[in-house]
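So the chains spell out like this:
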Amino acid sequence: MKRFAVQMIDGSISSDWWKTIMEHFTNVGDTFEIRCWKEELSEIARASLYGAAIDDKNEVSIKGIVTKELLEELLTDNPEDKTIYNKMTSFFTVNIKNDLYDIWSEHYGTEMYLEIAAAKDIAFFEQVINQYSDQFSIGTL
């Protein structure tokens, strides 16, 4: 098992890296949690199409099982609001879990934490993220 912490430091980078990682590590049938701020009504409505929403203090947590439709939405999402963050996704938090890895995509995808078990998946992640080494702070835990 290897753990990675990735913090985006270049606010102009495209979301290609995020989508490549999410496409590789997210599978239909994985469990997910999407967290949105309470005022993000359209994001809550979109995420609620795929899981059950639970009010959690200042946020809403939507949990469920990844479907083909949710995966497609994550991979085609192109947030328009980039005033505060160069958002990789419209959702504040996207967590994906299965038996081989856990992914925590935080702050609209500008931070990512991964726990990866298989050597081939570790190599894939390192190959992708190393292409962007100047745009990220990358650590192993």
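Our subject is the structure listed above.
Being a predicted model, the structure only gives us computed values, none of them experimental.

(A) Quick look at the side chain of Glu-33. Within the fold, Glu-33 resides in strand E2 (residues 31-37). Residue classification places Glu-33 among the buried positions, given a relative accessible area of 15%. Reaching out from Glu-33, the side chain makes a polar contact with the side chain of Ser-61 at a distance of 2.7 Å. In contact with Glu-33, other than residues within four places in its own chain, are Ser-61, Ile-62, Lys-63, Thr-93, Val-94 and Asn-95.

(B) Seen up close, helix H2 (residues 41-48). What H2 keeps buried is the set Glu-43, Ile-44 and Ala-47. For H2, the angular spread of the buried residues around the axis is 100°, confining them to a single face. As for H2, its buried residues are in contact with E2, strand E3 (51-56) and strand E4 (59-65).

(C) Representation of the pairing of strand E1 (residues 2-8) in the model. The sheet contact formed by E1 and strand E7 (residues 111-116) spans 6 bridges and is antiparallel. In the sheet register, Ala-5 faces E7, and the bridge partner there is Tyr-113. Here E1 pairs with strand E8 (residues 136-140) via 5 bridges, running antiparallel. Note on E8: the bridge partner recorded for Phe-4 is Thr-140.

(D) Region of interest: the nonpolar core. If you look at the biggest cluster of nonpolar residues, it comprises 36 residues, and the most contacted ones within it are Trp-17, Ile-21, Met-112, Leu-114 and Phe-125. Counting residues per element, this core draws most heavily on helix H1 (residues 16-25), at 5 residues. Apart from the residues lying within four places of it in its own chain, the contact partners of Trp-17 are Met-8, Met-88, Gly-109, Met-112, Val-128, Ile-129, Tyr-132 and Phe-136.

(E) Summary view of the sheet that holds E7. What the 8 strands build is an open sheet, ordered E3-E4-E2-E5-E6-E7-E1-E8; its pairing is antiparallel. On the outer flanks of this sheet lie E3 and E8, each paired with one strand and no other. Across the sheet, the mean angle separating the axes of adjacent strands is 15° when strand polarity is ignored. Across 5 bridges, the pairing between E2 and strand E5 (residues 93-97) is antiparallel. Counted as the bridge partner of Arg-35 is Thr-93 from E5. Sheet strands in contact with H1 are E1, E5, strand E6 (101-106), E7 and E8, and its direction is about 30° off that of E7. Running over the sheet, H2 touches E2, E3 and E4 and is turned about 165° from E2.

(F) The pairing of E3, seen in detail. Examined bridge by bridge, E3 and E4 share 6 bridges and lie antiparallel to one another. Along E4, the bridge assignment pairs Gly-51 with Gly-64. Where E3 hands over to E4, the hairpin turn is made up of 2 residues, of which Lys-57 adopts a positive phi near 60°.

Conventions and cut-offs
Residues numbered from 1 in each chain as written. Predicted model: local features only at pLDDT ≥ 70, side-chain atom pairs only at ≥ 80, totals over all residues. Heavy atoms only, no water. Helix = DSSP H or I, 4+ residues; strand = E, 2+ residues; numbered from the N terminus. Buried < 20%, exposed > 50% of the residue type's maximum accessible area, 1.4 Å probe, protein only. Polar contact = N/O pair within 3.5 Å; in protein donor to acceptor, adjacent residues only side chain to side chain. Contact = heavy atoms within 4.5 Å. Arc of directions from axis to C-beta. Pairing = 2+ DSSP bridges. Core = buried A, V, L, I, M, F, W, Y, C linked by side-chain atoms within 4.5 Å. Axes fitted to C-alpha atoms, helices over the stretch in contact; angles between N-to-C directions.

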